[in-house]
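Structure at a glance
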Amino acid sequence: MYKTLIILYLVVFVVYILFTRQPDYFDGEITTATIHWQTDSMHSTAIPKAVYTIGKDKYAVDARYVLRNLHEGRQVEVIYELARPEKGKLYSWWGYWISWGELVGSIVLLIALFQVAVSVTKNPTPESLLEQLEYEPEKKRKYTD
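Not measured: the values here are computed from a predicted model.

Considerations on the overall build of the chain
Helix and strand content of the chain: 3 helices and 5 strands. A principal-axis box enclosing the C-alpha atoms of the chain has dimensions of 75 × 45 × 20 Å. With 145 residues in all, the chain has 26% of them scored as buried. Counted over contacts in the chain with a minimum sequence separation of 6, partners at least 24 positions apart contribute 58%.

Okay, structure coming up:
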């Protein structure tokens, strides 16, 4: 039961990740960008931005993420859609493919659903136990006439 549950969880999680990324992995374009620390206009603090150029236009996207440490001048990859290049995102394993919110949420959901399954099957009624003990599969012929 544990192996089946874990395999099912992994398959569903991988399919979910593959088809819910924005910008879309299948339609997106990947380009190189350079990290520049720029002052945020709202909070007046320096934040890392991935700056990239498409044609004559220059775009900058926020490159901050939990447990990601970026230095000035570092070359990174950015994924964007041609229709909205200003909505690009830093293309990395941690942040684009796996986000901490989805990871924690899916693990909590897995544990909760497992506990529900265990509680439903843990204490069967005496009638159902008796029915399971008395069950005899009917004999079937190999070929029908």
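Back to the write-up after that little detour.
A look at a nonpolar patch on the surface
Residues Ile7, Val11, Val15, Leu18, Phe19, Tyr25, Phe26 and Ile30 make up a contiguous nonpolar surface patch of roughly 740 Å² in combined accessible area. When residues in the nonpolar patch are grouped by element, the largest group, 5 residues, is from helix α1 (residues 2-20). Examined against the element boundaries, leucine 18 turns out to sit in helix α1. Owing to a relative accessible area of 30%, leucine 18 belongs among the partly exposed residues under this scheme.

Comments concerning the side chain of arginine 68
Within the fold, arginine 68 resides in the loop between β3 (57-62) and β4 (75-81). Salt bridges are absent for the buried arginine 68, whose nearest opposite-charge side chain, aspartate 62, sits at 7.5 Å. Here the side chain of arginine 68 touches tryptophan 94 through a polar contact of 2.7 Å, landing on its backbone oxygen. For arginine 68, the contacting residues outside a window of four places in its chain are Ala63, Leu90, Ser92, Trp94 and Gly95.

Notes on the pattern of salt bridges
All chains considered together, the criterion is met by 3 salt bridges. Residues aspartate 62 and arginine 64 are paired through a salt bridge, measuring 2.9 Å at the closest nitrogen-oxygen approach. Among the residues examined, aspartate 62 registers a relative accessible area of 37% and is labelled partly exposed. When the shortest N-O distance is used, the salt bridge between arginine 84 and glutamate 81 registers 3.3 Å. Note on glutamate 81: relative accessible area 15%, which makes it buried.

Side note on the side chain of serine 99
By secondary structure assignment, the location of serine 99 is in the loop between β5 (84-90) and α2 (100-122). Accessibility expressed as a relative area gives 14% for serine 99, which makes it buried. At 3.1 Å, the side chain of serine 99 and the side chain of glutamate 102 are in polar contact.

Looking at the pairing of β5
Where β4 meets β5, 3 bridges bridge the pair, whose relative direction is antiparallel. Across the sheet, isoleucine 79 pairs through a bridge with lysine 89, a residue of β5. Linking β4 to β5, which pair antiparallel, is a turn of 2 residues.

Some points on the packing of α1 against α2
Look at α1 against α2: their axes get within 12 Å of each other, and the N-to-C directions meet at 150 degrees. Considering how the two elements wind past one another, α1 and α2 form a crossing that is right-handed. Along its contact with α1, which presents Tyr2, Leu5, Tyr9, Phe13 and Tyr16, the element α2 presents Glu102, Leu103, Ser106, Ile107, Leu110 and Phe114. In terms of residue class, the contact of α1 with α2 is made up of 9 nonpolar, 1 polar and 1 charged.

Topic: the environment of tyrosine 52
Relative to the assigned elements, tyrosine 52 resides in strand β2 (residues 46-54). Residue classification places tyrosine 52 among the buried residues on the basis of a relative accessible area of 1%. For tyrosine 52 and valine 78, which are 26 residues apart along the polypeptide, the C-alpha to C-alpha distance reads 7.9 Å. Ignoring sequence-local partners within four residues, the contact set of tyrosine 52 consists of Thr31, Thr32, Ala33, Asp57, Lys58, Tyr59, Val61, Val78, Tyr80, Pro85, Glu86 and Gly88. A polar atom in the side chain of tyrosine 52 sits 2.3 Å from the backbone oxygen of proline 85.

Conventions and cut-offs
- Residues numbered from 1 in each chain as written.
- Predicted model: local features only at pLDDT ≥ 70, side-chain atom pairs only at ≥ 80, totals over all residues.
- Heavy atoms only, no water.
- Helix = DSSP H or I, 4+ residues; strand = E, 2+ residues; numbered from the N terminus.
- Buried < 20%, exposed > 50% of the residue type's maximum accessible area, 1.4 Å probe, protein only.
- Contact = heavy atoms within 4.5 Å.
- Patch = residues over 30% accessible without salt bridge, like charges linked within 9 Å, V, L, I, M, F, W, Y side chains within 5 Å.
- Areas by Shrake-Rupley, 256 points an atom, 1.4 Å probe, with all protein chains shown as cover.
- Salt bridge = Lys/Arg side-chain N within 4 Å of Asp/Glu carboxyl O.
- Lys, Arg positive; Asp, Glu negative; His and termini not counted.
- Polar contact = N/O pair within 3.5 Å; in protein donor to acceptor, adjacent residues only side chain to side chain.
- Pairing = 2+ DSSP bridges.
- Axes fitted to C-alpha atoms, helices over the stretch in contact; angles between N-to-C directions.
- Left-handed = near helix turned anticlockwise from the far one by under 90°.
- Nonpolar A, V, L, I, M, F, W, Y, C, P; charged D, E, K, R; others polar.

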